Amino acid sequence: MTAGSGGTNISADKAANATSPQWTTLGNIVLTETVKSGFSAGGTLILTAPSGWQFNSPGSVTTTVTGGSGGQNVAVTGVSVASGTMTLTLTVNGTNKTDILTIIGVQVRSTSGASLPASGNILRTAANPGSATIGGITNDGTNFGSLSQIVGAANKLAVSVQPSATATAGVAFATQPAIAIQDQFSNTRSAANGVADNATVVTAARSAGTGTLQGTLTATASDGTATFLNLSHTVATTISIGFTATGLTSTTSSAIVVSPATAAKVVFVQHPTTTTAGLSISPAITVQVQDAYSNNVPQSVSVVMTISTGTGTLGGTTPTTTDGTGLATFNDLSITTSGTKNLTASSGGLTSAVSNAFDINPSSATQLAFVQQPTSAQAGATISPSPTVQLKDQFGNSVLTSGVSVSVALTTGTGTLSGTASQLTDASGLATFTNLSVDVEGSKQLTATSSGLTSAVSSSFSIAPASASILAIVQQPTTTNAGAPISPSVTVQLKDAFGNNVTTSGVSITMSLTSGSGTLAGTTSRITNASGLATFDDLSINLSGSKTLTASSAGLTSAATNSYTVQPLGASKLAFLQQPLAAAANDT
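Numbering of residues begins from 1 in every chain and follows the order in which that chain's sequence is written. Predicted model: local features are reported for residues with pLDDT of at least 70 only, side-chain atom pairs are reported and counted for 80 or more only, and whole-chain, interface and lining totals are derived from all residues. The side-chain numbers reported here are obtained from all heavy atoms of the structure, hydrogens and water having been left aside.

(A) Geometry of the sheet that holds strand β10 (residues 99-104). Note: two strands are recorded as paired if DSSP finds a minimum of 2 bridges between them. Labels follow the DSSP assignment, with helices taken as runs of H or I lasting at least four residues and strands as runs of E lasting at least two, numbered in each case from the N terminus. Taken together, the three strands give an open sheet; going across it, the order is β3-β10-β7, and neighbouring strands pair in antiparallel fashion. Strands at the two margins of the open sheet, each flanked by one partner only, are β3 (29-32) and β7 (62-67). For this sheet the average axis-to-axis angle between neighbouring strands, irrespective of direction, equals 15°. The pairing of β3 with β10 spans four bridges and is classified as antiparallel. Note on β10: the bridge partner recorded for I29 is I103. Lines are fitted to the C-alpha atoms to define the axes, a helix being fitted only along its stretch in contact, and any angle between axes, read from their N-to-C directions, falls within 0 to 180 degrees.

(B) Quick look at the nonpolar core. Membership of the largest hydrophobic core comes to 27 residues, with the highest contact counts inside it found for L31, M86, I103, V106 and V108. Residue assignment for this core shows that the elements contributing at least two residues are β3, β5 (43-48), β6 (53-55), β8 (74-81), β9 (85-92) and β10. Examining the composition of this core, we find that three residues originate from one element, β9, more than from any other. To define a nonpolar core, start from buried Ala, Val, Leu, Ile, Met, Phe, Trp, Tyr and Cys residues and group those joined through side-chain atoms within 4.5 Å. Buried, partly exposed and exposed residues are distinguished by accessible area as a fraction of the type maximum, computed with a 1.4 Å probe on protein chains only: under 20%, between the cut-offs, and over 50%, respectively. By size, the runner-up hydrophobic cluster in this structure holds 23 residues, among which are A263, V266, M305 and F330.

(C) View of the pairing of strand β53 (residues 508-515). Judged from the three bridges that link them, β53 and strand β55 (residues 525-527) form a sheet pairing that is antiparallel. Residue pairing in the sheet places S508 in a bridge with I527 of β55. Sheet analysis places β53 next to strand β58 (residues 545-552), joined by five bridges and oriented antiparallel. Bridged to T510 within β58 is S552.

(D) Region of interest: the packing of aromatic side chains. Note on ring pairs: Phe, Tyr and Trp rings are taken, using the six-membered ring of Trp, and paired if centres are within 6.5 Å. Classes follow the plane angle, with under 30 degrees stacked, over 60 edge-to-face and the rest tilted. Considering all chains together, one arrives at one aromatic pair under this definition. An angle of 45° between the planes, with centres 5.5 Å apart, marks the rings of F228 and F243 as tilted. Remark: F243 occurs in strand β25 (residues 241-244) and F228 occurs in the loop between β22 (225-227) and β23 (232-233); sequence separation between them is 15 residues. The two residues F228 and F243 agree in class, both being buried.

(E) Highlighting the side chain of S190. Within the secondary structure layout, S190 lies in the loop between β18 (178-182) and β19 (201-206). Classification of S190 as buried rests on a relative accessible area of 10%. If we ignore the near neighbours within four places in the chain, the residues touching S190 are V195, A196 and D223. Any two residues whose heavy atoms approach within 4.5 Å are treated as being in contact.

(F) Structural view of the pattern of salt bridges. Throughout this description, the term salt bridge denotes a Lys or Arg side-chain nitrogen within 4 Å of a carboxyl oxygen of Asp or Glu. Scanning the model with the defined rule gives three salt bridges in all. The closest approach of N and O atoms between D537 and R526, which form a salt bridge, is 2.5 Å. Of this pair, D537 sits in the loop between β56 (533-536) and β57 (540-541) while R526 sits in strand β55; the two residues are eleven residues apart in sequence, bridging distant segments of the chain. The class for D537 is partly exposed, based on a relative accessible area of 43%. Residues R526 and D538 are paired through a salt bridge, measuring 3.5 Å at the closest nitrogen-oxygen approach. Within this pair, whereas R526 is found in strand β55, its partner D538 is found in the loop between β56 and β57, the two being separated by twelve residues in sequence. Through salt bridges with shared partners, a single network forms among R526, D537 and D538.

(G) Main features of the environment of G78. When you line up the elements, G78 lands in strand β8. Here G78 falls in the partly exposed class, since its relative accessible area comes to 25%. C-alpha separation for the pair G78 and Q214, spaced 136 residues apart in sequence, amounts to 69 Å. Residues contacting G78, with those up to four places away along its chain left out, are T87, L88 and T89.

(H) The arrangement of unusual backbone geometry in detail. Cis rather than trans, the peptide bond between S282 and P283 has omega equal to 0°. Structurally, P283 can be placed in the loop between β29 (275-276) and β30 (285-291). With an omega of 10°, the peptide bond running from T318 to P319 counts as cis. Along the chain, P319 falls in the loop between β32 (314-315) and β33 (320-321). Phi at S186 is positive, roughly 70°, even though this residue is not glycine. Mapped onto the fold, S186 is located in the loop between β18 and β19.

(I) Up close: the sheet that holds strand β21 (residues 218-220). A sheet is described by the order of its strands in space; here four strands give the open sequence β21-β19-β25-β26, paired in antiparallel fashion. For this open sheet the edge positions go to β21 and β26 (251-252), each flanked by a neighbour on one side alone. The pairing of β19 with β25 spans four bridges and is classified as antiparallel. Looking at the pairing, A204 lines up with F243 of β25.

(J) A look at the environment of S418. Here S418 shows up in strand β43 (residues 417-418). Residue classification places S418 among the partly exposed residues on the basis of a relative accessible area of 33%. Sequence separation of S418 and N435 is 17 residues, and the distance between their C-alpha atoms is 7.8 Å. S418 has contacts with N435, L436 and S437, leaving out every residue within four places of it along the chain.

As structure tokens, this is what we get:
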């Protein structure tokens, strides 16, 4: 008995229920008489396919009978092929020859590719052997052809080990996924199923959820299964993992709930926005606790807010405790100092966060303030640098409003404030007074005013005398006897053009008699002292009468005294006022 070959390790892809079923043609089945009585009686020979297999019906099975000389004893008069059986009808007309019966073109296939290995033999069964008598064939024992099938070609992927149902962000899944490479019937391509797949490369990627799957994202199959080693996910969300391989149907894992890692930092959610000085920053600033992967952590911590860039004091409630979601809300923060700021949020042990830059704008103007204070100057000279006055809000911030009229006045010290005493503010809210002057020496203060605003008083400043330009009689000469020194002593002061005393020493002043007769005696040129005063302490005039003196000094305007009287002394001699003239005797 020669069994039909080629029936083992048939691919499941050829099974009846495969996408493209195929028949497998077995090698010839040969029954050879070893004794002339092997075929002893005609009838039917029924061959039965093993469970899970079928013959191609009606098929195209043929037979031949050879052997003997001068003809054969055995003839095949009919072949009938059903799904589970194949029936040959034989006639035997003698036992004097040794015949060889060859069955050609038997085709088989598995009824289901899902059953592996579905091993079995084609048999002449005791239950349905047929009627022919054939020696040497054992019912249920003699093998007419062995059949078996193995796993089909790689067709799809399947998750054989699901990843952990829960995980922590950034931590490798406790259970790593394993992916089976399967044929179309979900058989794994393993050695046990006839083919060990050690080549297919499987790629993993996040499917449901957000974020990028971390770890080694490819795995090569070993005995039909690709096992991943270190997959993790950094986004706290519910994800699934999709697995793909070239040319194969992909698969997706079950859901994985990824929880945030431990708190590592705080971040601004609602950054501070531009606000008016003194008002609460709106919308309310919010700060979230997060892990190292920027997942929100529902943890209760105390968050402190401070100004880290810019000046001023942060008002409102700080620190603030986070709510059940890890969010801290600062709903009453304010800053009174204008300018660009950054806030820093911090919490012990966590990385702090710096806000976006934002501006605090000044409030409405409520007051004035000197920016450039008036400085000391000479009488009549323009005060320089020019005094400037700034519009300010209640917190002292400069208010940038143009066109507001600001006036200045001299409120401490004597004299006249000259120049343009009213100016309009520029785009910066600054009023500049470019030509102010005061004519009287001494300590002064200016006051700046504007309708509806609190006024501002400047610092004290001094007005010094200008250069000497005139002389002034301080102590006028008084009535004096002829020849006697004028007492009190006449004094002359250096003055500037505005009448301020000029305290310059060493200036020579000369006194002369400019009205009335006589000779001015005494020291008529004197030098000014440290106060700019020249004292003439020995002046006298020899002739009585009304007199006027004039003080002069090179380059200065002279000064004339008041008129005063020089009286004669008591009679001490006689003097002819009218001398007698020549005349005739006895003439008068």
